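The residues making up each chain are set out below.
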Amino acid sequence: MAHEHKLEIFRGRWKFKSNKEKIWGVLVFLSLVTAVEVVLGIYKPAILMHTWLEPLEGGFFATLGNIILSPIVYMKPLNLIFILLTIVKAYYIAWDFMHLRDEVGSLRKVIVWTGVFLICYLVFILLQEGGYVFSVYNAEHALIKKDF
Amino acid sequence: MDSTVVSTGTEDKTWGGGNSPLKASYGKMMMWFFIVSDALTFSGFLAAYGFSRFKFINEWPIADEVFTHVPFMHGQELPMIYVAVMTFILIMSSVTMVLAVDAGHHMNKSKVTIYMFLTVIGGAVFLGSQAWEWATFIQGDYGAVQTKGGNILQFGEYVTEDGEEIFKRVSIDDIAIPQESARISHERKNGIWFTDEGSLPPYTVDEIYTGLAAQENVVVRTQFLNEEGHKTILSRAESLKQIKENGKLVVKGANLKVNEYGTSLFGDFFFFITGFHGFHVLSGVILNIIIFFNVVLGTYERRGSYEMVEKVGLYWHFVDLVWVFVFTFFYLV
């Protein structure tokens, strides 16, 4: 069961001779991703600091489109890159360090799908609500004032 | 494991207890149950953090201005460096943990011992780093004034460095002009025996105001972000007016009620989420120490399997996994 390891990452593009070598390879990859994050975080390239697409306007379908495209129309590209890189790192920690790669597929799915579904649901609700509370505080004639 | 489980003699039958669902042992499966539920707890906290941040989206503190310190590099502003080192330490201790698990598969007792020891050391170093991070956060930097509305006003001046005009923060220690004050900390011995109060702020708002009035080029920066994503800087007249009319409390550092960096929720979430994560690291280190001694005593050698190392390893990697997300949402995004 646990003694057989799948010794390739990146869909077989990078193969290792032993499990130990794979661990070091993954470490190198994770360190590299972290280094990229830190460099981007320090220098903050100006081109990544504002959204590339304005929110759509007009009607129900525009609103729907904005919800679907929200990572692009509302989020700075830099933040999107950070979140994607984080998920990449999480994948390799779970797959190679927690050796999910060597478990049976159904166990992997039970773990990942449950978490991903519930977390996406919770994050959607809370962020939507947070944005709403912001609009209440900062509406034109807001009853609650805090700028004093 | 056979010695602890009563055998029914029907293991070969489907419901006889002989097969393990999903080809994972009972202990490993339960560890995964725990990890998934704990992941949901952490995502609940991080989502709540996101909620509060969206609620104050135009005034949330900029992490690069808050976490700028690195040990032994006094007075330099080096955002991200320290926390990147902390991340690396934790990933490194994850690596030694996988190596311990791998050595366990080969029943190599001496190697498991060494790698478990290194993992414990890595965890301890991370905890120490986090303690330092907390201490620096609580200690504070420049200080600020809180207004009646709960907003934070910071101080700074425009200076020209390398031909570029930049806004440089000024500490309240350099502004305040001490005055005779009747306000002293109330102690039990001077009044009713059951009432006392915590330490008073380092300065009064009056002292800051007189100091600000005396220094021509110091202005106030509010916590509200302008269109370029920088904090709004007030004019000189407006600065004096804000401190005079709205200034209520001088703040230095951070606690659960107020912090000098911005909205108080920022400090609360910092303490709560990194604290909860740190608590997980602490329990992980304790579990690792227990496992380490079991390895040294030869418990798993006699049992014929190092699966226990693997199970605790799962928990340890999970702690690393959570840190990756905390790192992103507190320090990067």
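Residues numbered from 1 in each chain as written. Chains lettered and ligands numbered in written order. Predicted model: local features only at pLDDT ≥ 70, side-chain atom pairs only at ≥ 80, totals over all residues. Heavy atoms only, no water.

Draft legend 1. Region of interest: the overall build of chain A. When its secondary structure is counted, chain A shows 5 helices and 2 strands. Computed over the C-alpha atoms, the radius of gyration of chain A is 21 Å, more than 25% above the 15 Å expected from 2.2 N^0.38 for a compact globule of 148 residues. Oriented by its inertia axes, the alpha-carbon framework of chain A measures out at about 65 × 35 × 35 Å. Across the 148 residues of chain A, 32% fall into the buried class. Considering only intrachain contacts with a sequence separation of at least 6, the fraction spanning at least 24 residues in chain A is 51%. For chain A, the exposed surface amounts to about 9,400 Å²; the carbon and sulfur share of it is 69%. Averaging the positions of the 15 positive and the 12 negative side-chain charges in chain A gives two centres separated by 8 Å. (Helix = DSSP H or I, 4+ residues; strand = E, 2+ residues; numbered from the N terminus. Rg over C-alpha atoms; globule rule 2.2 N^0.38 Å. Buried < 20%, exposed > 50% of the residue type's maximum accessible area, 1.4 Å probe, protein only. Contact = heavy atoms within 4.5 Å. Areas by Shrake-Rupley, 256 points an atom, 1.4 Å probe, with all protein chains shown as cover. Lys, Arg positive; Asp, Glu negative; His and termini not counted. Charge placed at Lys NZ, Arg CZ, Asp CG, Glu CD.)

Draft legend 2. View of the domain arrangement of chain B. All names here are of chain B. Taken as a whole, chain B is organised into domain 1 (21-140 + 265-332) and domain 2 (144-180 + 198-252). One C-alpha centre belongs to domain 1, the other to domain 2, and the line joining them spans 38 Å. With 10 residues of domain 1 at the interface, the matching set in domain 2 holds 8 residues. The contact between domain 1 and domain 2 buries some 660 Å² in all, and 41% of this surface belongs to carbon and sulfur atoms. The interface formed by domain 1 and domain 2 includes 1 salt bridge. Linking domain 1 with domain 2 are 4 residue pairs in polar contact (both at pLDDT 80 or more), by the criterion used here. (Domains from an automatic or database assignment. Buried area = accessible area lost by both parts, 1.4 Å probe. Salt bridge = Lys/Arg side-chain N within 4 Å of Asp/Glu carboxyl O. Polar contact = N/O pair within 3.5 Å; in protein donor to acceptor, adjacent residues only side chain to side chain.)

Draft legend 3. The UniProt feature "transmembrane region" (unreviewed entry) in chain B, seen in detail. Residue and element names in this part refer to chain B. Taken from the UniProt record, the annotation "transmembrane region" (unreviewed entry) applies to residues 30-51, 80-100, 112-132, 269-300 and 312-332. The span residues 30-51 carries 100% helix and 0% strand; its end-to-end C-alpha distance comes to 31 Å. For the annotated span residues 112-132, helix accounts for 100% and strand for 0% of the residues, and the straight-line distance between the end C-alpha atoms is 30 Å. (UniProt positions renumbered as here; feature names shortened; annotations may be inferred.)

Draft legend 4. Quick look at the interface of chain B and chain A. On the chain A side, the residues contacting the 59 residues of chain B number 52 residues. Our enumeration of links across chain B and chain A arrives at 2 salt bridges. B:Asp64 is paired through a salt bridge with A:Lys44; the nearest N and O atoms lie 3.4 Å apart. Put simply, chain B and chain A have 5 residue pairs in polar contact (both at pLDDT 80 or more) between them. Elements with a minimum of two residues in the side of chain B that touches chain A: α1 (26-55), α3 (81-105), α4 (109-139) and α10 (307-332) of chain B. Broken down by element, the side of chain B that touches chain A gets its largest block of residues, 14 residues, from α1(B).

Draft legend 5. Structural view of the pairing of strand β2 (residues 152-161) of chain B. Residue and element names in this part refer to chain B. Bridge analysis of strand β1 (residues 144-147) against β2 gives 2 bridges, and the strand direction is antiparallel. Residue pairing for β2: Val145 is matched across the bridge by Leu153. If you look at the hairpin formed by β1 and β2, you'll find 4 residues sitting between the two strands, and Gly150 has a positive phi there, around 90 degrees. For β2 and strand β4 (residues 218-225), the ladder comprises 4 bridges, and the chain directions are antiparallel. Along β4, the bridge assignment pairs Gln154 with Arg221. Bridge count for β2 against strand β3 (residues 164-169) is 6 bridges, and the pairing is antiparallel. Residue pairing in the sheet places Thr160 in a bridge with Glu165 of β3. (Pairing = 2+ DSSP bridges.)

Draft legend 6. Local environment of the pattern of salt bridges. Residues and elements named next belong to chain A. Enumeration according to the criterion identifies 10 salt bridges over all chains in this entry. Residues Asp96 and Arg101 are paired through a salt bridge, measuring 2.8 Å at the closest nitrogen-oxygen approach. For the pair Asp96 and Arg101, one class covers both residues: buried. Taken together, the shared-partner salt bridges in this structure form one network comprising Lys22, Asp96 and Arg101.

Draft legend 7. Structural detail: the packing of α3(B) against α4(B). All names here are of chain B. Close contact between α3 and α4 brings their axes to 8 Å; oriented N to C, the two are set at 160 degrees. Taken as axis vectors, α3 and α4 run roughly antiparallel relative to one another. Remark: the crossing between α3 and α4 carries left-handed chirality. In terms of residue class, the contact of α3 with α4 is made up of 15 nonpolar, 8 polar and 2 charged. (Axes fitted to C-alpha atoms, helices over the stretch in contact; angles between N-to-C directions. Parallel < 35°, antiparallel > 145°, perpendicular 65-115°, else oblique. Left-handed = near helix turned anticlockwise from the far one by under 90°. Nonpolar A, V, L, I, M, F, W, Y, C, P; charged D, E, K, R; others polar.)

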